[in-house]
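Report on the structure
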Amino acid sequence: MAPVLTAHQPLAVRDLRRIMGGIALGVVVAAVFVGVLGLVGEPDTVDRVTIENRGASQLEVGVAGDDHAVLWLAAVEPGSTAVVEDVLDGGATWVVRAEHAGRRAGELRLPRAQLERRGWNVVIPAGWGDATTGT
């Protein structure tokens, strides 16, 4: 018996146009997405910030922005130091805030230039968060 060969029907022209239209639309959407990503830059960051807690209480330490929102960086144990990497740049003046047990413990306003000179080292004063200070 001889093998039977069947010829495949070519795709209809309208089906080919529909497929090509979908591919073209996908390419356009991908190109727009890549273009938008190119317009959005990465935020400025500081490679490493060291936080030294000279107080007697654990503190949650963060940096406040112009809109007063706080970017919490680390919980720092009393008498210890924490290193935080890739911190968003706080701008010309950094507002460092600390809380203890959900209550504000203190705030420092530090010029960026001063932080750079200090090697991005933030020193939290003794007394922040102590129950006797009322903060």
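1. Here we look at the confidence of the model for the protein
Overall, the predicted model of the protein reaches an average pLDDT of 83, with 83% of residues at or above 70. Within the protein, helix α1 (residues 13–39) has the poorest average pLDDT of any element, 78, and strand β7 (residues 121–124) the best, 95.

2. What to know about the sheet that holds β7
Read across the open sheet, the three strands follow the order β4-β1-β7; overall the sheet is mixed. Each having just a single partner strand, β4 (81–88) and β7 make up the two edges of the open sheet. In this sheet, adjacent strand axes meet at a mean angle of 25° when their direction is disregarded. Note that strand β1 (residues 45–53) and β4 share seven bridges and pair antiparallel. Residue Thr50 lies in a different strand from β4, and its bridge partner there is Val83.

Scoring rules and cut-offs
Residues numbered from 1 in each chain as written. Predicted model: local features only at pLDDT ≥ 70, side-chain atom pairs only at ≥ 80, totals over all residues. Heavy atoms only, no water. pLDDT = per-residue confidence, 0-100. Helix = DSSP H or I, 4+ residues; strand = E, 2+ residues; numbered from the N terminus. Pairing = 2+ DSSP bridges. Axes fitted to C-alpha atoms, helices over the stretch in contact; angles between N-to-C directions.

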